[in-house]
Amino acid sequence: MRDLKNLFGGGGSLKQFGILGALVVIILIFQIWTGGKTLQPGNIINIVQQYSYILILAIGMVMVIIAGHIDLSVGSVAAFTGIIVALAMKDWNFPWWAAIILGLVVGALIGTWHGFWVAYIGVPAFIVTLAGMLIWRGGNQLIGDSATVPVEAGFQVIGKGYLPEVGPNFGVNNLTMLLGFLVVLVLIGLEVRGRRTRKVMGAAADPVWLSVLRVVILGGVVLVAAYLFATGRVGTSFPVSGIILAALVIGYSFLTNNTIIGRHIYAVGGNKHAAELSGVNSKRVNFFVMMNMSVLAALAGMIFVARSQASGPFDGVGWELDAIAAVFIGGAAVSGGIGTVAGSIIGGLVMAVLSNGLALKGIQSDLVQIIKGLVLLIAVGVDVYNKTQGRPSIIGLMTNRNKSGAAPTNDSTSNEVTPGGGTPDTVVPGDLRK
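Residues numbered from 1 in each chain as written. Predicted model: local features only at pLDDT ≥ 70, side-chain atom pairs only at ≥ 80, totals over all residues. Heavy atoms only, no water.

**Student:** Can you walk me through the side chain of Ser294 in this structure?
**Tutor:** Relative to the helices and strands, Ser294 resides in helix H12 (residues 282–308). Taking the relative accessible area as the measure of exposure, Ser294 reaches 1% and is therefore buried. For Ser294, the residues in contact, after removing those within four places along its chain, are Val77, Gly107, Ile110, Gly111 and His114. (Helix = DSSP H or I, 4+ residues; strand = E, 2+ residues; numbered from the N terminus. Buried < 20%, exposed > 50% of the residue type's maximum accessible area, 1.4 Å probe, protein only. Contact = heavy atoms within 4.5 Å.)

Structural data, given as structure tokens:
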């Protein structure tokens, strides 16, 4: 039983999987409540396509929140970029691929504007992005004349496209199943590499049977998911937007956990002054997270426009609230310094499955908003209450694992800044300068 506690997280309390467990429970509840519709291939594909842009926003938003800021402009930035890209194809004769590059450049320029005010002028990000929300929303309606502008078919692939059908007909999409098998091979490789690393470091390794069980469970989940995506109606498979999302999750998880800039983001969010004394350029960090957020907002806007086949004046309304909710449900701290990309994706999926399941049951939209608000409040409120009562914090346990796989702790005396958690009161100079 002691070994089983290490199955997915390094010897800590199983409460560290509270958010992930909540996602599983919500899926099972709606699977029963909707008579099996939730896990039907068509509905799973729809969830990925319909909410991929919110999950992309959550990736950028978690980095902004870890650094101690907030971005209220992402929906307006997405809408502004969407109308420019649509007009570029319709009136300026841009090919679809050049329009995508233009959209990313527009996002980078907007992010540069936001980052300049936050990092170098010192205006709080809340004010800068609140102004940005008004500016870019007005810009969308001014440039687009409050009209709907269609986009060409080639551009629509990034929002409503799927992996193509190749090879012999086995009754499934071959590329989707191949993708599932490749992910399983990666999981096996990561497990083997982890065991070798622990052996080299002289750390105690999990029993072989536990590693095998872990790979079997995770691999089984991946293959079942791949099968569901591969057996949808003819012409559908794993969405292109899902591939973009997966690539971003992998890339940004590596960036936040394994790079210098990732360490610096956590350090600045945990204790800005201590980080600066340790040689961290906080202005550069703040500039980066704000610019990066706008680039991802531009990408999310283009994916939404591609799926909708047109850009409209009401695109992006309320997106910032969904992204922020996903980040906080996924374990980020309001005060900064704590959060993970994976946790934000799980938090976003909780909201996505909740919204989808309620829609399948025909629950009216105003009640859906009330329920989503209550879920956000309860998820964060329970964790905060546990910490004030000296009980284990679910969010803290989720985000306080170190890279060596050591057990999560809830020790309030810990002062070291570690990516994803801890109590970042003091920065360790040697770690930040590596």
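**Student:** Looking at this model, I keep getting lost on the packing of helix H10 (residues 260–270) against H12. Mind explaining?
**Tutor:** Between two packed helices, the angle of one axis relative to the other and the distance separating the axes together describe the packing. For the pair H10 and H12, the least separation of the axes is 10 Å and the interaxial angle reads 100°. Classified by the interaxial angle, the pair formed by H10 and H12 is roughly perpendicular. In this structure, H10 contributes Ile261, His264, Ile265 and Val268 to the contact, and H12 contributes Ser282, Val285, Asn286, Phe288 and Val289. Taken together, the residues of the contact of H10 with H12 sort by class into 6 nonpolar, 3 polar and no charged. (Axes fitted to C-alpha atoms, helices over the stretch in contact; angles between N-to-C directions. Parallel < 35°, antiparallel > 145°, perpendicular 65-115°, else oblique. Nonpolar A, V, L, I, M, F, W, Y, C, P; charged D, E, K, R; others polar.)

**Student:** Honestly, the environment of Gly35 in this entry has me stumped. Any pointers?
**Tutor:** Tracing the chain through its elements places Gly35 in the loop between helix H1 (18–33) and helix H2 (41–66). Of the residues examined, Gly35 reaches a relative accessible area of 64% and is grouped as exposed. Between the C-alpha atoms of Gly35 and Lys361, which are 326 residues apart in sequence, the distance is 10.0 Å.

**Student:** For this particular structure, what's the right way to read a nonpolar patch on the surface?
**Tutor:** A cluster of nonpolar side chains, contributed by Trp96, Trp97, Ile101, Val105 and Leu109, occupies part of the molecular surface with about 520 Å² of accessible area. If you trace the backbone, Leu109 turns up in helix H4 (residues 96–121). Leu109 gets classed as exposed once you look at its relative accessible area, which sits at 56%. (Patch = residues over 30% accessible without salt bridge, like charges linked within 9 Å, V, L, I, M, F, W, Y side chains within 5 Å. Areas by Shrake-Rupley, 256 points an atom, 1.4 Å probe, with all protein chains shown as cover. Salt bridge = Lys/Arg side-chain N within 4 Å of Asp/Glu carboxyl O.)

**Student:** Could you clarify how one ought to interpret the pattern of salt bridges in this entry?
**Tutor:** Close approach of charged atoms allows side chains with opposite charge to pair. Enumeration over the complete set of coordinates arrives at 3 salt bridges. Asp91 is paired through a salt bridge with Lys90; the nearest N and O atoms lie 3.3 Å apart. By relative accessible area, Asp91 is classed as partly exposed at 43%. A relative accessible area of 48% means that Lys90 is categorised as partly exposed. Between Lys372 and Asp322 there is a salt bridge, with the nearest N and O atoms lying 3.5 Å from each other. Of this pair, Lys372 sits in helix H15 (residues 365–388) while Asp322 sits in helix H13 (residues 319–329), and the two are 50 residues apart along the sequence. Assessed through its relative accessible area of 11%, Lys372 is described here as buried.

**Student:** Mind showing me how you'd approach H12 here?
**Tutor:** Residues separated by three or four positions in an α-helix point in the same direction, a consequence of the helix having 3.6 residues per turn. Under the 1.5 Å per step criterion, the end-to-end length of H12 is 39 Å for 27 residues, consistent within 8% with the ideal 39 Å. Judged by how many residues are buried, H12 sits mostly within the fold: 19 of 27 residues are covered. Two to three positions downstream of the cap, the backbone nitrogen of Lys283 sits 3.2 Å from a side-chain oxygen, assigning the N-cap of H12 to Asn281. Just downstream of H12, Gln309 is the residue with a positive phi angle, here 70°. (Expected span 1.5 Å × (residues − 1). Polar contact = N/O pair within 3.5 Å; in protein donor to acceptor, adjacent residues only side chain to side chain.)

**Student:** Looking at this model, I keep getting lost on the packing of helix H9 (residues 240–258) against H12. Mind explaining?
**Tutor:** In contact at an axis separation of 12 Å, H9 and H12 are set at 170° when each is read in the N-to-C sense. Between H9 and H12, the crossing angle belongs to the class labelled roughly antiparallel. Counting all contacts with H9, which are made through Ser241, Ile244, Leu248, Tyr252 and Leu255, the residues of H12 involved are Phe288, Asn292, Leu296, Leu299 and Ile303.

**Student:** Teacher, can you tell me more about the packing of aromatic side chains here?
**Tutor:** Here a ring pair, both rings aromatic, is described through the centre-centre distance and the interplanar angle of the planes. This model, assessed by the stated rule, comprises 10 aromatic pairs. Seen in terms of ring centroids, Tyr53 and Trp319 are 4.4 Å apart; in terms of plane orientation they differ by 35°. Their pairing is tilted. One end of the pair, Tyr53, is in helix H2; the other, Trp319, is in helix H13, and 266 residues separate them in sequence. Neither residue differs from the other here; Tyr53 and Trp319 are each classed as buried. Ring plane angle 75° and centroid distance 4.9 Å describe the contact between Phe304 and Trp319, whose orientation is recorded as edge-to-face. With Phe304 in helix H12 and Trp319 in helix H13, this residue pair connects regions lying 15 residues apart in the sequence. Every member of this aromatic cluster is reached through a ring pair, and the members are Tyr53, Phe304 and Trp319. (Phe/Tyr/Trp six-rings, centres within 6.5 Å; stacked < 30°, edge-to-face > 60°.)

**Student:** Hey, could you run me through unusual backbone geometry in this one?
**Tutor:** Most peptide bonds are trans, and most residues other than glycine sit at a negative phi. Despite not being glycine, Ser146 shows a phi value in the positive range, around 55°. With respect to the secondary-structure elements, Ser146 resides in the loop between helix H5 (125–144) and strand E1 (149–150). Overall, Ser146 belongs to the partly exposed group, its relative accessible area being 45%. For Gln309, which is not glycine, the phi dihedral falls at a positive 70°. Counting through the fold element by element, Gln309 comes out in the loop between H12 and strand E2 (310–311).

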